[in-house]
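This is what each chain is made of:
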Amino acid sequence: MPSDEQPWWQRAVLYQIYVRSFADSNEDGIGDLPGILAQLDYLEWLGVDALWLSPITVSPDKDWGYDVVDYTDVQPVFGGMRAFDELIAEADRRGIRIVIDLVPNHTSDQHPWFQEARASRDSARRDWYIWRDPNPDRSPPNNWRSSFGGGSAWTLDPATGQMYLHSFLPEQVDLNWWNEEVREAMDDVMRFWLDRGVAGFRLDVAHAIVKDRELRDRPPDADTHVVVDLEETFAVLRRWRKLVDGYEPERILIGETWVMDLARLAGFYGSGADQLHLAFNFPFVFAPLQAESLRDVVERSEELLPVAAWPAWTLSNHDVVRFPTRMCEGDERKARAALLTLLTQRGTPVLYYGDELGMQQVEIPPERESDIDGRDGARTPLPWNGAWNDPWLPLGDNVAPVAVQRADPTSFLSFCRELIARRGSSPDLVSGSYETLPAPKDVWAFRRGERTVVAINLSDESMEIDLGGGRKLAPWEGAILDG
Ligand code: GLC
Ligand code: CA
């Protein structure tokens, strides 16, 4: 398919913004929406096409926005709804789309729905959440674990004597997705934002929305903390896909599909056109920076995903250690190689803010820790000029700030920007097929489309590669060649 006929989200480079840490407009130390607006120039210069904003809706922030009390209003500290409307209008003028994070799996325990549900066993909204009696010995109804801390996923609500399910914190209460009213309520939330102009949703916990109806114990070898009804989860994805398909121009669903089995990942795409548009590939996130491992994930993904499906690739996000630290031991040559693998795949690449600088994980002193799960080091403020007023998390100093890198044509930032531009101007890189090419061990070589060859040396040795002309790659060097 020629790239100009491809849907926008297949041609796009996505950029995830952790809103609290991107740009702070009023110097209260917390990033906000006017801060993003003020940096649209930068994002345009960088060449990204769409932004995924971490949750901006109202939240008591037990899990930094992933515990929602109001799905249809914007957290005041981020600038409220007015700031959102301004951001989306200005981004639209520049052709930059905004995807927002949606958290359908659970609400805050402070959400009015849960307040009503917990008021009594006969509450009209009781069944919006998942309640069970404890066993006679007061133990929980099954062996499900919560993701944070690993304790039971059940907490007793003393007032009504029943336990409620929470896959994460006790303050993040799982909705009952078997209940049709819950489905309708979330449809309304989606419509609210789609009508306001969002380009789609990043769906939190998309892999585990619907729980086993019988609440059966998890088998000893389970790879999830709770037992998920996958078929019914897919049915919900199809419902959402129908809903967003009713909008013009095309809106997208990008799922947090945290599964390590690629065959399972493939299922989230359905036919390739009736469930998720994009499903995050976590095996790629966690692959070591080795030719064989990365190539294997890509080859198997190419094999297993439905023909009509479009992959999504990423190296970092707000839940994992930043890739230059995790995969590259802080070695900038390796980080450049990793970025090259990301930006040359067939599929939509998703950058995490700071990836473009080669930003590393930041050491957080214990007294500054703010996340329940130790993830702060991947969420620190973006160093624009190397300083923030009273930042909510400490600023790292492991990378030169934007201002410095922008002025330096040899910087990591310039490298990233050139790669994005290179990708955008190459129909082969945007939409061409993927084909592995024979190469020495530790070199990953592949053809994209008709004529473009990518070869990346993932080793400490110089490598001779024979792709016509015999070319030498320095350690950790990569090349994009027009065949
Ligand atoms: C997802 C989010 C993570 C959050 C969790 C619970 O995994 O990415 O940040 O803590 O869901 O909502
Ligand atoms: Ca602020």
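Residues numbered from 1 in each chain as written. Chains lettered and ligands numbered in written order. Predicted model: local features only at pLDDT ≥ 70, side-chain atom pairs only at ≥ 80, totals over all residues. Heavy atoms only, no water.

Caption draft 1: Representation of the overall build of the protein chain. A count of helices and strands for the protein chain gives 16 helices and 21 strands. Relative to its length of 483 residues, the protein chain is compact, with a C-alpha radius of gyration of 23 Å against a globular reference of 23 Å. C-alpha atoms of the protein chain, sized along the principal axes, occupy 75 × 45 × 45 Å. Counting only contacts in the protein chain whose residues sit at least 6 apart along the sequence, the fraction spanning at least 24 positions is 65%. Accessible surface, the protein chain: about 18700 Å² in total, of which carbon and sulfur atoms supply 47%. Taking the average place of the 49 positive charges on the side chains of the protein chain and the average place of its 80 negative ones, the gap between the two points comes to 2 Å. (Helix = DSSP H or I, 4+ residues; strand = E, 2+ residues; numbered from the N terminus. Rg over C-alpha atoms; globule rule 2.2 N^0.38 Å. Contact = heavy atoms within 4.5 Å. Areas by Shrake-Rupley, 256 points an atom, 1.4 Å probe, with all protein chains shown as cover. Lys, Arg positive; Asp, Glu negative; His and termini not counted. Charge placed at Lys NZ, Arg CZ, Asp CG, Glu CD.)

Caption draft 2: Seen up close, the packing of aromatic side chains. Scanning the model with the defined rule gives 26 aromatic pairs in all. An aromatic cluster is defined as three or more aromatic residues linked by ring pairs; in this entry it consists of Y15, F22, Y42, W45 and W384. Taking NZ or CZ as reference, R126 lies 3.6 Å from the ring centre of W131, over its face. The lysine or arginine in question, R322, covers the ring of Y353, its NZ or CZ lying 4.7 Å from the ring centre. (Phe/Tyr/Trp six-rings, centres within 6.5 Å; stacked < 30°, edge-to-face > 60°. Lys NZ or Arg CZ within 6 Å of the ring centre and 35° of its normal.)

Caption draft 3: Looking closely at the side chain of R202. Note that R202 resides in strand β11 (residues 200-203). Among the polar contacts made by the side chain of R202, one reaches the side chain of D204 at a distance of 2.8 Å. (Polar contact = N/O pair within 3.5 Å; in protein donor to acceptor, adjacent residues only side chain to side chain.)

Caption draft 4: Quick look at the coordination of the calcium ion (ligand 2). Those protein atoms acting as donors to the calcium ion (ligand 2) are D24 (OD), N26 (OD1), D28 (OD), I30 (O) and D32 (OD), and they sit at 2.2 to 2.4 Å. Motif for the calcium ion (ligand 2), donor spacing along one chain: D-x1-N-x1-D-x1-I-x1-D. With a relative accessible area of 2%, D32 lands in the buried category. (Donors = N, O, S within 2.8 Å, 3.2 Å for Na, K, Ca; no water. Buried < 20%, exposed > 50% of the residue type's maximum accessible area, 1.4 Å probe, protein only.)

Caption draft 5: Main features of the sheet that holds strand β9 (residues 162-165). Ordered by their spatial adjacency, three strands build an open sheet running β7-β9-β8, and the pairing between neighbours is antiparallel. This sheet does not close on itself; its edge strands, each paired only once, are β7 (131-132) and β8 (154-157). Taken together, the four bridges between β8 and β9 define a ladder with antiparallel strand orientation. Bridged to T155 within β9 is Y164. (Pairing = 2+ DSSP bridges.)

Caption draft 6: Representation of unusual backbone geometry in the model. A cis amide bond, omega -15°, links E248 with the succeeding residue P249. Considering the arrangement of structural elements, one finds P249 in the loop between α8 (230-245) and β12 (252-255). You will see that E27, though not glycine, has its phi angle at about 55°, which is positive. Take E27: it is sitting in the loop between α2 (19-22) and α3 (33-38). In this model, L215 sits at a positive phi of 55°, which is unusual for a non-glycine residue. Within the fold, L215 resides in the loop between β11 and α8. Using a relative accessible area of 9% as the deciding quantity, one classes L215 as buried.

Caption draft 7: Quick look at empty space enclosed by the protein. Summed over all chains, the structure comprises two cavities of 30 Å³ or more. Of the volumes computed, that of the largest cavity is approximately 60 Å³. Y18, V19, R20, S54, P55, T57, D61, W64, G65, Q75 and F78 are the residues that line the largest cavity. In this structure, the second largest cavity spans a volume of roughly 40 Å³. T57, V68, Y71, I100, D101, L102, V103 and W193 together form the lining of the second largest cavity. Looking at the lining of the second largest cavity element by element, the count peaks at three residues for strand β5 (residues 97-102). Here the residues of the lining of the second largest cavity sort into six nonpolar, one polar and one charged. (1 Å grid on protein atoms, 1.4 Å probe; cavity = no way out; pocket = protein on both sides within 12 Å on 5 of 7 lines; lining within 4 Å. Points joined across faces, edges and corners; volume = space filled by probe spheres on them. Nonpolar A, V, L, I, M, F, W, Y, C, P; charged D, E, K, R; others polar.)

Caption draft 8: Here's a closer look at the site of ligand 1. Close contacts around ligand 1 come from 14 residues, with D63, D204, E256, H318 and D319 the closest. Note that an oxygen atom of ligand 1 is positioned 3.0 Å from one of the side-chain N or O atoms of R202. Between ligand 1 and E256 there is a distance of 2.7 Å, counted from an oxygen atom to a side-chain nitrogen or oxygen. Put simply, ligand 1 lies in the largest pocket. Residue composition of the shell around ligand 1, by class: four nonpolar, three polar and seven charged. (Near = heavy atom within 4 Å. Sits in = over half its atoms within 2 Å of the grid points.)

Caption draft 9: Here's a closer look at the environment of V297. If you trace the backbone, V297 turns up in helix α11 (residues 291-304). Accessibility expressed as a relative area gives 6% for V297, which makes it buried.

Caption draft 10: Layout of the pairing of β11. Both faces of β11 are covered, namely the face carrying G200 and R202 and the face carrying F201 and L203. Bridge count between β5 and β11: four bridges; the pairing is parallel. Residue pairing for β11: L102 is matched across the bridge by L203.

Caption draft 11: Inspection of a nonpolar patch on the surface at higher detail. Taken together, the side chains of W258, M260 and F286 make up a nonpolar region of the molecular surface, amounting to roughly 280 Å² of accessible area. With respect to the helices, strands and loops of the structure, F286 is situated in the loop between α10 (282-285) and α11. (Patch = residues over 30% accessible without salt bridge, like charges linked within 9 Å, V, L, I, M, F, W, Y side chains within 5 Å. Salt bridge = Lys/Arg side-chain N within 4 Å of Asp/Glu carboxyl O.)

Caption draft 12: Seen up close, the nonpolar core. The biggest cluster of nonpolar side chains holds 121 residues, and the ones touching the most others in it are Y15, L33, L51, F84 and F201. When residues of this core are assigned to domains, at least three map to each of domain 1 (8-107 + 180-432) and domain 2 (433-483). Discounting residues that sit within four places of it in the chain, F201 has contacts with V99, I100, L102, M190, W193, L194, V244, I252, L253 and I254. If you look at the next biggest cluster of nonpolar residues, it comprises 18 residues, including I252, L278, W310 and V350. (Core = buried A, V, L, I, M, F, W, Y, C linked by side-chain atoms within 4.5 Å. Domains from an automatic or database assignment.)

Caption draft 13: Representation of the domain arrangement of the protein chain within the structure. Considered domain by domain, the protein chain is made up of domain 1 (8-107 + 180-432) and domain 2 (433-483). Each of domain 1 and domain 2 was reduced to a C-alpha centroid, and the two centroids are 29 Å apart. Facing 24 residues of domain 1, the contacting portion of domain 2 comprises 22 residues. Here domain 1 and domain 2 share an interface that buries about 1900 Å² over both sides, 64% of which is from carbon and sulfur atoms. For the pair domain 1 and domain 2, the interface holds ten residue pairs in polar contact (both at pLDDT 80 or more). No other element matches the six residues that α11 contributes to the side of domain 1 that touches domain 2. When the residues that make up the side of domain 1 that touches domain 2 are grouped by side-chain class, the tally is nine nonpolar, seven polar and eight charged. (Buried area = accessible area lost by both parts, 1.4 Å probe.)

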